[in-house]
Every structure is written in C-alpha cells, then in structure tokens.
Amino acid sequence: MRAAILREYGEPLAVRDLPEPDPGPDGAVVSVDACGVCRSDWHAWAGHGEWAADRVARGQVLGHEPAGEVVAVGGEVDRFEPGDRVVVPFSLGDGTCPHCRRGAGNVCEDGRALGFEAAAPGAFAERVAVPAADYNLVERPEWLDATAAAALGCRYMTAYHALAERATVGGGDAVAVHGCGGVGLSAVQIAAALGARVIAVDLDPDALALAAEFGAAETVNAGSLPGDESVPERVRALTDGGADASLDALGIAETCRNSVRSLRPRGTHVQVGLTTDAERGEVSLPTDWMTRWEVSFLGSRGMPPTSYDDLFALIEATGIDPGALVARELSLSEVSGRLAAMEEYDVRGVEVVTDFEG
C-alpha cells in the first residue's frame with residue numbers, strides 16, 4: 001500500500017509502498033477514503049514536541065483524521081465487520097482503563113495517538129490499523145460522507161469536546177475564538193450551533209470572512225485595531241465585560257494570553273492549540289489576575305470516541321455542515337507542500353487527502 005512517511009523534519013514526506021497492516025486479535029483494518037491534513041501534522045513534520053518528550057520519530061506514517069471502510073477485523077471484534085463505514089478518532093484508548101470506562105478514552109493511561117507514534121502508524125496511507133476496534137471505531141451515519149467525516153476527525157471533534165464538554169458552552173454565552181484555521185473555524189461553527197454569540201479573532205481578513213460565514217457574530221482583525229487598543233479590550237467591549245468562554249486555537253503565547261485576558265470574571269479559557277518551538281510548551285500567564293477574577297484555564301485534547309453520538313446529534317439537529325469547512329482535496333503526493341504552507345499560515349479551512357494513488 002502507498003503511505004507518506006516522515007523522513008526528515010521539515011523535508012518532503014517520502015511516499016512509498018509498505019506492507020498491508022494486520023488487524024491483530026482485537027483490531028480492525030480500515031481502507032482510508034479520506035484523511036484531513038491538520039496543524040498537528042505540521043507540528044510532527046516540523047519536529048516539535050521534544051520539550052514535552054512528545055517529538056514524533058522519523059519513520060512515522062503521519063495522518064490522524066481518517067474516515068473509510070472496514071476491510072478486516074480480528075477474531076475478538078464483535079461490533080464491526082468488513083464493509084462498515086467508520087470514522088477513526090486519533091486518541092485511541094485501550095477501552096479498559098478507568099478513564100476509558102468513565103468515557104474519557106482521550107486520556108487513556110495506555111492510549112495511542114494515531115499517526116504520532118510507532119505503535120500507531122497513521123492514515124496518510126491506503127490502509128490504517130485500529131487497535132481495540134470495538135472501543136475506538138465509530139460507525140459513520142449514512143448522511144456523513146468520508147470527506148466531511150475526515151473534517152470531523154480531529155479539528156471538529158476537538159472543538160466540540162473543548163466547547164461542549166470542557167467549557168460547557170450553552171445558549172446565550174459569549175465565546176471568543178482566537179485563530180481561525182481549521183480548528184478555529186470548527187469552533188466558530190460549533191459554538192454558534194450551541195447557541196453562543198461568537199467573536200472570531202485572526203490576522204487574516206479572508207479567515208475572518210469565513211468565520212462570519214460559519215456563524216461568528218463579530219470578527220476582530222488583531223492586526224488592524226485602532227490606536228493602542230488590544231485584542232482583549234476589543235473582545236471585552238463587544239461582550240459587555242468579557243467572554244464567558246475563550247478558546248486559543250493557535251498555540252502561540254500572544255493568542256493564549258489574549259484569550260485569557262478576554263474573559264469576564266469566572267470565565268473559562270480552553271487551550272486547544274499546541275505551542276511551537278518559540279514557546280517550547282511554556283506560556284507565562286497573569287496568574288494573580290486569574291486568581292482575583294476566578295478565571296479557569298482548561299486543557300483539551302481530541303475527544304473520546306464515546307462522545308461521537310452527541311456530536312452527530314448536534315450536527316443533525318442544527319444542520320451545520322462540517323463538509324463546508326473543506327477548502328481543498330489533495331493527493332497523497334501533495335501533502336508535503338501543504339504542510340510547508342502551514343509554516344507561513346497559508347492554509348484556510350480544512351484540507352483533505354482523497355487521492356491515495358496520485
């Protein structure tokens with residue numbers, strides 16, 4: 001099978017033929033129809049993460065947002081069979097640890113990160129193996145095609161978990177979204193569907209135009225504010241004192257601090273974006289101010305597979321369209337160029353690999 005392999009950090013991926021994966025006793029093999037290209041892939045490609053002992057090793061097959069069809073299952077698998085249409089979450093739990101049993105498989109004690117470690121080769125490939133298939137695989141509704149499902153695969157479900165489950169955003173809340181790339185635009189769309197009033201913040205007018213199209217009530221261009229007005233000041237002015245919840249979708253120190261400072265008393269910041277080698281996993285925060293106003297700072301990573309039914313229900317009930325976020329379909333050989341484009345923030349919306357032969 002053809003697959004794209006991380007050969008050297010910051011260099012083009014090597015597209016090569018690899019042996020077909022084996023499902024293992026409790027696993028499944030999925031034929032990949034579509035796989036999103038995400039900023040987390042860029043972090044891996046760039047060699048980030050050594051400061052957190054999380055650097056992806058050379059030789060890894062990248063790709064962590066797949067949707068496709070089951071083609072093989074192990075003898076211990078009960079819930080799935082060849083021909084089933086599925087989505088594969090990137091946070092793979094073992095299904096047995098206390099966190100998995102409580103519905104938090106995304107923080108499984110023995111979990112694997114699809115496409116980021118040798119034990120879980122990724123989905124920039126024609127086939128991908130999924131361990132603990134009965135727990136990890138998610139049946140795809142008939143109304144959800146593979147390309148739209150790949151858009152759900154990381155950014156959309158990450159945004160849903162961050163807003164609906166971590167920050168518990170609800171109707172009437174003011175939500176600020178800092179950074180309008182794939183996960184930021186997903187957050188805009190989901191927050192609006194949850195009934196929130198969304199303020200989108202970015203430097204790119206085109207990204208802000210997309211945010212408005214996907215439900216943002218207000219947009220803030222962080223690079224063209226008048227005088228010495230700051231982003232938090234503008235957000236607080238637009239929300240009559242501050243956002244109830246604010247999400248940093250980018251992961252740089254400035255957007256993280258702006259997000260925190262945009263909150264009202266007892267507001268909640270959710271950190272979704274991972275840092276770069278400029279921050280190396282550390283961002284200084286106004287902790288005395290956060291203590292004074294009882295501001296909460298939450299981390300959020302992916303989404304447990306057990307939450308997909310709730311996400312599907314929200315999509316079906318509100319008519320929001322994750323497929324609308326897909327800006328470009330790619331061949332496997334084009335992935336390297338799109339990862340390089342992320343270096344300059346030159347990617348809008350969600351890009352998805354749908355051609356694994358070209």
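What counts as what
- Residues numbered from 1 in each chain as written.
- Predicted model: local features only at pLDDT ≥ 70, side-chain atom pairs only at ≥ 80, totals over all residues.
- Heavy atoms only, no water.
- UniProt positions renumbered as here; feature names shortened; annotations may be inferred.
- Salt bridge = Lys/Arg side-chain N within 4 Å of Asp/Glu carboxyl O.
- Helix = DSSP H or I, 4+ residues; strand = E, 2+ residues; numbered from the N terminus.
- Buried < 20%, exposed > 50% of the residue type's maximum accessible area, 1.4 Å probe, protein only.
- Disulfide = S-S within 2.5 Å.
- Pairing = 2+ DSSP bridges.
- Axes fitted to C-alpha atoms, helices over the stretch in contact; angles between N-to-C directions.

Taking an unreviewed UniProt entry as the reference, the chain is identified by name as Alcohol dehydrogenase belonging to Halorubrum tropicale. Database annotation for the chain, UniProt heading Cofactor (unreviewed entry): "Zn(2+)". Quoted verbatim from the Sequence similarities (unreviewed entry) heading of the UniProt record, the comment on the chain is "Belongs to the zinc-containing alcohol dehydrogenase family."

### Thoughts on the pattern of salt bridges
Tallied over the full model, the rule gives eight salt bridges. Between Glu-20 and Arg-127 there is a salt bridge, with the nearest N and O atoms lying 3.6 Å from each other. Linking Glu-20 in the loop between strand S2 (14-17) and strand S3 (28-37) with Arg-127 in strand S8 (residues 127-130), this pair joins segments that are 107 residues apart in sequence. Since its relative accessible area comes to 25%, Arg-127 is described here as partly exposed. Where Arg-328 meets Glu-351, a salt bridge forms, and the shortest distance between an N and an O atom there is 3.8 Å. Taken as a pair, Arg-328 in strand S16 (residues 326-331) and Glu-351 in strand S17 (residues 350-355) lie far apart in primary sequence, 23 residues in all. You can call Arg-328 partly exposed: its relative accessible area is 39%. The exposure class of Glu-351 is buried, given its relative accessible area of 3%. Connected through shared salt-bridge partners, Arg-328, Arg-338 and Glu-351 make up one network.

### Some points on the state of the cysteines
Per the stated rule, a full pass over the model turns up zero disulfides. Unpaired in terms of disulfides, Cys-35 finds its nearest cysteine sulfur in Cys-38, a separation of 9.5 Å. A relative accessible area of 0% places Cys-35 in the buried class.

### Let's talk about the sheet that holds strand S10 (residues 174-178)
Judged by pairing direction, the sheet is parallel, and its six strands sit side by side in the order S12-S11-S10-S13-S14-S15 without closing on themselves. Of all strands in the sheet, those bounded by a partner on one side alone are strand S12 (218-221) and strand S15 (296-299). Each strand axis lies, on average, 20 degrees off the axis of its neighbour in the sheet, ignoring direction. Pairing of S10 with strand S11 (residues 197-202), which is carried by five bridges, proceeds in the parallel orientation. Within S11, the residue paired with Val-177 across the bridge is Ala-200.

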